[in-house]
Every structure is written in structure tokens, then in C-alpha cells.
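Topology and contacts: notes
As a plain string of letters, each chain reads:
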2 protein chains.
Amino acid sequence: VSVTYPKGFRAAGVTAGFKPSGRPDLALLVADDGATAAGVFTTNAFAAAPVRLCRERLVDGRARAVVVNSGQANAGTGPDGEDDAYVTSAALARALDAPAEEILPCSTGVIGARIPVQKMTAAFPELVEALSPAGGNAFAEAILTTDTVTKMAYAEGDGFRVGGCAKGVGMIRPDLATMLTFVTTDAPVASAHLRKLTASVLEPTFESLTVDACSSTNDTVLLLSSGAAGGEAIRPDSKRWGVLEAAVREVAESLLSQLAADAEGVHHVLEVSVAGAATDEDARIVARGIAESLLVKTAAFGRDPNPGRFLQAIGSSHVPFAPEDVRVRLGDVVVIDKGAISPIFERQDRDAAREAMDAEVVPVSVELGNGTGSARMLGSDLSYDYVRINAEYTT
Amino acid sequence: VSVTYPKGFRAAGVTAGFKPSGRPDLALLVADDGATAAGVFTTNAFAAAPVRLCRERLVDGRARAVVVNSGQANAGTGPDGEDDAYVTSAALARALDAPAEEILPCSTGVIGARIPVQKMTAAFPELVEALSPAGGNAFAEAILTTDTVTKMAYAEGDGFRVGGCAKGVGMIRPDLATMLTFVTTDAPVASAHLRKLTASVLEPTFESLTVDACSSTNDTVLLLSSGAAGGEAIRPDSKRWGVLEAAVREVAESLLSQLAADAEGVHHVLEVSVAGAATDEDARIVARGIAESLLVKTAAFGRDPNPGRFLQAIGSSHVPFAPEDVRVRLGDVVVIDKGAISPIFERQDRDAAREAMDAEVVPVSVELGNGTGSARMLGSDLSYDYVRINAEYTT
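What comes next concerns the included structure.

Remarks on the state of the cysteines
Here the structure, examined in full by the defined rule, presents zero disulfides over all chains. We note that Cys165 of chain A lacks a disulfide partner, and the nearest cysteine sulfur, in Cys106 of chain A, lies 10 Å from it. Note on Cys54 of chain B: no disulfide assigned, nearest cysteine sulfur contributed by Cys106 of chain B at a separation of 4.5 Å. The exposure class assigned to Cys54 of chain B is buried, which follows from its relative accessible area of 0%.

A few points about the pairing of strand E15 (residues 373-380) of chain A
All names here are of chain A. Most of E15 is tucked away: six of the eight residues are buried. Summarising the sheet, strand E10 (residues 269-277) and E15 pair through seven bridges and their orientation is antiparallel. Following the sheet pairing, Ala277 is matched in E15 by Gly373.

Things to note about unusual backbone geometry
Peptide bonds are trans in most cases, and residues, glycine excluded, mostly fall at negative phi. The phi dihedral of Lys338 of chain A falls on the positive side, at around 50°, and the residue is not glycine. On the secondary structure map, Lys338 of chain A appears in the loop between strand E12 (333-337) and strand E13 (340-341). Its identity as a non-glycine residue notwithstanding, Asp97 of chain B has a phi of 55°, on the positive side. Note that Asp97 of chain B resides in the loop between helix H2 (78-96) and strand E4 (103-110).

Some remarks on the pattern of salt bridges
Residues and elements named next belong to chain B. Considering all chains together, one arrives at 34 salt bridges over all chains under this definition. Asp358 is paired through a salt bridge with Arg303; the nearest N and O atoms lie 3.3 Å apart. Placement of the pair is Asp358 in the loop between helix H10 (343-356) and strand E14 (361-367) and Arg303 in the loop between helix H8 (294-301) and helix H9 (307-315), with a sequence separation of 55 residues. Here Asp358 falls in the partly exposed class, since its relative accessible area comes to 44%.

Overview of the packing of aromatic side chains
For the structure on display, the rule yields nine aromatic pairs over all chains. Centre to centre, the rings of Phe301 of chain A and Tyr384 of chain A are 5.3 Å apart; their planes meet at 90°, and the pair counts as edge-to-face. In this pair, Phe301 of chain A sits in helix H8 (residues 294-301) while Tyr384 of chain A sits in helix H11 (residues 384-391), placing the two residues 83 residues apart along the sequence. Judged by its relative accessible area of 15%, Phe301 of chain A falls in the buried class. Given a relative accessible area of 27%, Tyr384 of chain A falls into the partly exposed group. On the numbers, 6.4 Å between centres and 55° between planes, the contact of Tyr384 of chain A with Tyr384 of chain B is tilted. Taken together, the residues span two chains, with Tyr384 of chain A in helix H11 and Tyr384 of chain B in helix H11 (residues 384-391).

Comments concerning the packing of helix H1 (residues 49-57) of chain B against H2 of chain B
All names here are of chain B. Here H1 crosses H2 at 55°, and the two axes come no closer than 8 Å. When the interaxial angle is binned, H1 and H2 end up oblique. Note on packing geometry: the crossing formed by H1 with H2 is right-handed. For the pair H1 and H2, the contacting residues are Ala49, Pro50, Arg52, Leu53 and Arg57 in the first and Gly81, Glu82, Ala85, Tyr86 and Ser89 in the second. Its residues placed into classes, the contact of H1 with H2 shows five nonpolar, two polar and three charged.

Analysis parameters
- Residues numbered from 1 in each chain as written.
- Chains lettered and ligands numbered in written order.
- Predicted model: local features only at pLDDT ≥ 70, side-chain atom pairs only at ≥ 80, totals over all residues.
- Heavy atoms only, no water.
- Disulfide = S-S within 2.5 Å.
- Buried < 20%, exposed > 50% of the residue type's maximum accessible area, 1.4 Å probe, protein only.
- Helix = DSSP H or I, 4+ residues; strand = E, 2+ residues; numbered from the N terminus.
- Pairing = 2+ DSSP bridges.
- Salt bridge = Lys/Arg side-chain N within 4 Å of Asp/Glu carboxyl O.
- Phe/Tyr/Trp six-rings, centres within 6.5 Å; stacked < 30°, edge-to-face > 60°.
- Axes fitted to C-alpha atoms, helices over the stretch in contact; angles between N-to-C directions.
- Parallel < 35°, antiparallel > 145°, perpendicular 65-115°, else oblique.
- Left-handed = near helix turned anticlockwise from the far one by under 90°.
- Contact = heavy atoms within 4.5 Å.
- Nonpolar A, V, L, I, M, F, W, Y, C, P; charged D, E, K, R; others polar.

Right, here's the structure in full:
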């Protein structure tokens, strides 16, 4: 159950032949009566052609369809890539009898590779034919690249539904990455208010994940509302706004955890919580420094409760705090106390700390003692598999 | 030939028993008639106790001896660690009949581990006895931790000599890391002018190396002048200043290359040159972004000339440039031209680019087309060996 859980959406996924594996690689989501829409995109200067087209087309806050090809990122493809994105979405608009400016194209796959335009347009009739209110799973499957499982989530609100799916296992960090996330709702929400939800819920959630500190050219998070649940429009001052926010957050958090659990080569997810920073932004810097530290990531893979590596990462964050106020826990075990390696840890808690690192999700809590700023960041460990996947990836 | 190449210095290295391996682990460098001295240290907030003591003691710009223990970093050790550094350097001062404030202590090894004070002081008589004008090699050997080879260099100026040695294979990035570097000269130079040399030559050189983007608690670069070559003091307005600067740079650059070549798990060194940035600092950000990118580092290990990974890293640097002006070369092969993957690369140059990646040092040149700022950064690839070394490292 994913993007078609809310009313007013149909979806499909087919094999157009973009992937050598022969797996589904072309996905379509349609709001037949149109939808309001908002999005957030990568900040990479080499943003892919479809990302730039989506940004333009979302200015008026309306969308009819989202089309995703997996296999070719259409990034680093110059003016030809722009043409390809434009031409294919125009062809789809004709097949759907929809205005071209309401088609949102997304691409994911190899950077520098162009979309096989003829293959894609040739597959449109089959794709449109396959559209179904039960097509959410097929859509979630067809957007995958090196993902090993689909990522889907749903939530129910007060008379409305929220659904979503996501993909992305590498080139993921704050600023977004080769991550695509689609969240739909049938709650009636104006596009201005969808933008508010995007900024207050979706953006901070998906910026709390770092796999490899590499910000991709194609990251896209889209939020679409069909309004098909009916009833009064939900606005920030509506009674139901909080319910909607909670439902969107539930779907986003679920997709976030699913993305982290399927990160390239992952054996353990690190869940880093930082409190006591001067500001939330400071806390974020420290949390991200820990989650992205190669020495922390390799220690996590080796299940080695090495407090020195946390000390090193926190100390090089350059945010204000007094070293002697810093405390770090691994699971429930205090490994750093008053800014120094805890003597109790050295004497007796080492085995308990090692056990905490056996978990699939390893909680690391940092208290800086310098204020009320806090943040959370999910990261993955650095394993032989990560190196293998990325050293053997074919250009 | 290393720190004792210039006149006026004696050195030694002995086994005090800090390392389980039984290899030499205590090193001493002495300027019998005293030396002027300057240093640059880690910016990590959890700077080790010896780093803080060195900083204090260098205020007056004079030094008699440098003592280095390898095995225990004396970082994250709280007030006890401060005492240990103080007590051991006081004991050494007595053994050398020197003022305690002219002893510069350095530690490298496991963070959180305290110095074995009794073992160290017990070894001082043997260490002092072993001092010799030919002891540079023994000194360079005894400062090593996970290094596989010693790093030594020397140069000759106009009537004076410069020598140096270094250690450090992991936890290395700009801001310095578990890297210790010692450079000596017998040229007569006041401490204020040594500081100038440190700032203009040593600091920028050693900030051009990133192994794992992890800034350590113990990084130290020391520059000592015995003045034993005699003659007029060399000042920034002296004719010989340029010669001195060149000799110090030659030693520093040589040590830098030796550090990069021995980086943990390294198979290929990446030498990233960025030109055409608005400022040198912008160029540095881009160069470092490339050298620290996990996807670039794994591609280097896999000898995969994947232009998309360079595009990704450059694009997420957030410094100003026009994407369509960017050109990237791998060796002599243009892989990105006008901001897009070069069609010539796709058609015919892929094999040549792959050959460029077979080299021990892989040159990556980036032209941003936005000004005259430039920078160079050395990095290492990310291999199975790096993961093994750091996942299996014992706390």
C-alpha cells in the first residue's frame, strides 16, 4: 500500500527496458481530477534536467501526473538532457490528454546517462493502460535502482488518507540525494499549504538521513493532494491541520527508517541524538559529524564501542560547548562522561556497550550541556559491502 | 636522515613498553644549546593534554626538547591526563637538566588511554643515554603507530640545513589529525619568524592532506631552529629568506607525499587540483569535497573513471560557479566538458581514463571558469583494507 492508498490516484509500473536486468523501470502516478502539489529538491548545482523541469512546473502548485524512469539519471547530460525531459513529458501529456506543464518527470540511475526517449515513449500506451487504483505497489517497485526492497507507508487521518513510497540506498545525505519520495493524500489542501507541510515536516525528516554524505543530482520529494476525500479544505488554522501534519509525519518517518535500513552495504543503522546544543542547527552539525565520520562508521561495522571515535567526531564539529560538560551514551551505557572516557566504561561496561552495538539500530546519545538545541540523524555503518557495491559499480 | 640532519640536534628512540608489539615507542629530540620553536596544532575541541601543554609552552618561542610517546594518545583523559603530561615532562627536564617549560611533549595512539607514567620515566635514563647526532632515524621510527614505513626528508639551503620526519596514516584531514610532524633547521631564525614560516609554509602544506576527513585530537607540527649553522639571523627581509622558505617547503612537501602514500588501506592517492574558483578558499572547498567523497574514493579504489561522481561532488560544494563552465580531467583525459559528461569520453576515451586511474597517484584537475582561485588536495582511496583496519582496530 503506497501512493494509491488515498482516493483520487491511480498508478502503474512497467518494464520499458531501461535496466539491463529486465526489472520494472517506468512508473506513473496520476491524479485524474488533478492535484495540488509541492516539492523539495536537491541543492546540487548539477541538478538533473527533470529536477529543473519539476521546479519550474511546481510554481503554480498543480500536478496531474508524476512519471519516473529508473536506470538513467538524466543528470550531467547538458542541453540534450533538457530536451529529453521536455519531449518525453510532452508525449506523456498527449497520452493522458493532460496539460504538459502538469506532468512532473523524475529520473534516477546512472549520472551522465541519457533517457532512452524512444523506448520510453513506446512504453507509454502500456503504462497508461496499466493505471489502477491498486497500482501503488507496482509504482513503488518500478522506481527502485540498487534498492533491495520497496519502501512504502500509509496513515489515516480524520476522514482522509496519506500514502507514500520512496527509493534510494546510496548518494544520500542531508541536502537530499538519489532519493525519490512521493507522498500523496486525499485531504483537500491548497498548494500553498502543501508547501508549508513540505517545509515543516518532509524537508526536516528527509534531511535527517545520511548514508554516504554524498548529495545527489536527482533528489526529489513530492507531496500531492487529490482532495478526493472531500470536505472542507484543511488549512494551517483548521482543527484537522495537526492531524494531517501527524499523518504526513508518520508516513515520512516510516519511509525514512525504511531507507536507512536498506542503505548500501548496511549492517547497522546509527541513530544519533544530540541534545544540549546552543541551537538546533549546532546539534545538527554535531549529529551529522558523528553519523558521517568514517571512523565511527567503521567502528559501528566492527561493533567496536570505541569512545575515542565519538570524542574525535564531536570535538571537530567546531560548535560551542565546554569539553568537560560532554556526555555520550551508547545504548544505555555512558562511554564519555565529563568530556573524558568514562572510567566505569573502561572497568566494567565495555561488554554492555558492545551488546548495544549488536542491534540493527544503534542509539548514540550526546549531551553537550550548552543549551536546549537538539537534533536527530540516521546514518549507516561502513562495511566491506559498501566498498564492494561502490567500487564495482559500472559507470 | 631526518630531524638530526641540521647541526645542533641529537635524537633517540627506544622501547619503553607502551606498544604490545614491542616496537620502539618513545622518542626524544634535543637541541643541546636550545632552539627557537613554533608549532601548529589540531583545532579539535578535545585536544590532547600534551597538545595543550605544548601550546602554552610555545608562547615564548623556545624549546630544548621534544618527547613523543606512541601507543597512548593521552586525549579524553581529563585532569588525570593533564597531570600525566606535566609530571612526565618535568621528570624529563630533570634528566636533561633543562627547564621544564622548554620540554614539548607529544602523544599518539589510542584516544582515552593514559600514558604509563612509571614506564615512561623509567625509560628516560636509557633514552637520554641513547641521544646521538645520528639518532634521526631512530626518532622517526619510534613515533610511528599504524604507519608501515618511516617518513623522513631533508633539504639544504645557503649555508644551512633543514630536516624533518612525520607519522600518521589515519584520522587525517585538514585541520590536522593524528599526524605528528617535526621539522628542524640549523639556520638562525628568531621564533617570531619561525611562526611566519609555520603559517606560510607548514600549515597550508599539511592542510592539503585528507585521509578520512577525521580531524584528530593530537595533530602537531613543530618547527625548531638550533641556529647552529651560524651566520646572520635569517629574517623575512633577508636575502636568504626565500631559500629557507623553499627548503622548508621541500621537506614539508616530501613528508606530505610520504604520509599520503602510507595512508590506511591506500591503493591509490588522489591528487586533486582545482583552478578557476572565485577564491583560493572556494577552490579548497571543492578540492576537499572531491577528495573526501566516499563515492569518488570507492571509484578510485575500483579504478572506475566514473565522471558522475566528480560531477556530484563538485555540484554539492555550494561555491559559486556556472555548471556549464566546468571541465574535469582525469590524467589527460577530459571526462566532463561544459558541465556535462564529455561525449568523446563516452565514445573513445574511457580506456585512457581507466589507465590514468591505474597510477599510484591519480591526478584529477577541475577548472571552474569563475576566477583565479586555486587549491590542491591529496586524498586516498577507500578500500577493503581501510574498512578492515578501522573495523578491527581495538579500542
